[in-house]
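Residues per chain are reported as follows:
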Amino acid sequence: RLLLIGAGTIVVSMLCLVIAFTTGLGNIDGSSTMTQQILALVGCMGVVAGYALSYGPLFWLLTSELFPVSIRGRALGSAQILSSSFAVMASYTFLSVQEAFGAEIPFEIYLILSIFNFIFAALAVPDTVHAEADEHPNQINVLLKEMFFWKHCTCISNRGMMSELVSSLEDERNSGVEIT
């Protein structure tokens, strides 16, 4: 639920930024209205707040749960390097894209990506608030099968790959073999 709230906040905030810069906030002569400035400020604060609600903690939660304990430290470092590399790439290309195509274009690109991300999160990421994977390992699989994306857009539902994966993990857990 927080993921959708944060992603929605980012979409609305990016829309504010697009409106502010499309209506002339990024003019060379520096002329802008108070409304444009307020829209830009609200947009910037909204993006930060939306990120803090959703993707900021999600990155650390997913990476800490994704990797086995034996390699978790190295894997977290590698994941952080990858994340920082993409942040650097976005930072270094931002001004170049603004100069080449206009002040509003980077925000329009980010808005489109944010909309796609919000749609993906709504269609493919289940709400796991009441799911207890340790007690009922198949519960996550059931939640995924109920989601539109996993039901209609992937081979997981057609070939039963997810249920096979969950079954094999259950077998390994029950046999006492350490999963690495």
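One can find the structure itself at the top, above this paragraph.
The structure displayed is predicted, hence computed values, not measured ones. (Residues numbered from 1 in each chain as written. Predicted model: local features only at pLDDT ≥ 70, side-chain atom pairs only at ≥ 80, totals over all residues. Heavy atoms only, no water.)

**Here we look at helix α3 (residues 55-66)**
Inference 1: Spanning twelve residues, α3 covers 16 Å between terminal C-alpha atoms, matching the ideal 16 Å at 1.5 Å per step.
Inference 2: Taken as a whole, α3 has its buried residues at Y55, G56 and T63. Angular distribution of buried residues about the axis of α3 spans 120 degrees; they occupy a single face of the element.
Inference 3: If you follow the buried residues of α3, they end up packed against α1 (2-22), α2 (34-53), α4 (72-101) and α5 (105-124). (Helix = DSSP H or I, 4+ residues; strand = E, 2+ residues; numbered from the N terminus. Expected span 1.5 Å × (residues − 1). Buried < 20%, exposed > 50% of the residue type's maximum accessible area, 1.4 Å probe, protein only. Arc of directions from axis to C-beta. Contact = heavy atoms within 4.5 Å.)

**Description of the packing of aromatic side chains**
Inference 1: Counted under the stated rule, the structure contains four aromatic pairs.
Inference 2: Seen from their ring centres, F21 and F107 are 4.7 Å apart, and the 25 degrees between their planes marks the pair as stacked. In this pair, F21 is assigned in helix α1 and F107 in helix α5, connecting sequence segments 86 residues apart.
Inference 3: A relative accessible area of 17% places F21 in the buried class.
Inference 4: By relative accessible area, which is 10% here, F107 ends up buried.
Inference 5: Relative to Y110, the ring of F94 lies with its centre 6.4 Å away and its plane at 15 degrees, an arrangement referred to as stacked. Taken together, the residues F94 in helix α4 and Y110 in helix α5 connect sequence positions 16 residues apart.
Inference 6: For Y110, a relative accessible area of 29% translates into the label partly exposed.
Inference 7: An aromatic cluster is built from F21, F94, F107 and Y110, whose rings are joined through pairwise contacts. (Phe/Tyr/Trp six-rings, centres within 6.5 Å; stacked < 30°, edge-to-face > 60°.)

This is a description of form; function is not addressed.
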